[in-house]
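Structural overview for review
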Amino acid sequence: MWVYGSIWDASDWATDDGRHRADYRYQPFVARLDRFVVAGCSVNAPPACRPVPASPAGAGLTAQQYAAMRWAQREHMVYYYCNDFRRDHSLTPEC
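These notes cover the structure that comes with them. (Residues numbered from 1 in each chain as written. Predicted model: local features only at pLDDT ≥ 70, side-chain atom pairs only at ≥ 80, totals over all residues. Heavy atoms only, no water.)

Taken together, Tyr-24, Tyr-26 and Phe-29 make up a surface patch of nonpolar side chains, about 350 Å² in accessible area. Residue placement: Tyr-26 occurs in the segment before helix H1 (63–76). Overall, Tyr-26 belongs to the exposed group, its relative accessible area being 59%. (Patch = residues over 30% accessible without salt bridge, like charges linked within 9 Å, V, L, I, M, F, W, Y side chains within 5 Å. Areas by Shrake-Rupley, 256 points an atom, 1.4 Å probe, with all protein chains shown as cover. Salt bridge = Lys/Arg side-chain N within 4 Å of Asp/Glu carboxyl O. Helix = DSSP H or I, 4+ residues; strand = E, 2+ residues; numbered from the N terminus. Buried < 20%, exposed > 50% of the residue type's maximum accessible area, 1.4 Å probe, protein only.)

Shown next, in the form of structure tokens:
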């Protein structure tokens, strides 16, 4: 398994229509993952192997983890595509 992350500029649409633009004076942008845990099934796992469910809605989280996620969303998230009703959600079933 591996983790892939990318940082891309969506200033024109994913930041309240450009109100919170990317400020490139602060580059390079760096992310650090601490105590990151991945659970899943290997390619050769038996059919009974089921990974722990996780989703933006919080399925599979403990009450404490869910509360921490909601706090981070309230305090730091400026845009959530599921709440943007101008977007086509036909390809985002999690919404």
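This part covers the side chain of Gln-73. Tracing the chain through its elements places Gln-73 in helix H1. By relative accessible area, which is 18% here, Gln-73 ends up buried. Side-chain polar atoms of Gln-73 contact the side chain of Arg-70, separated by 2.5 Å. (Polar contact = N/O pair within 3.5 Å; in protein donor to acceptor, adjacent residues only side chain to side chain.)

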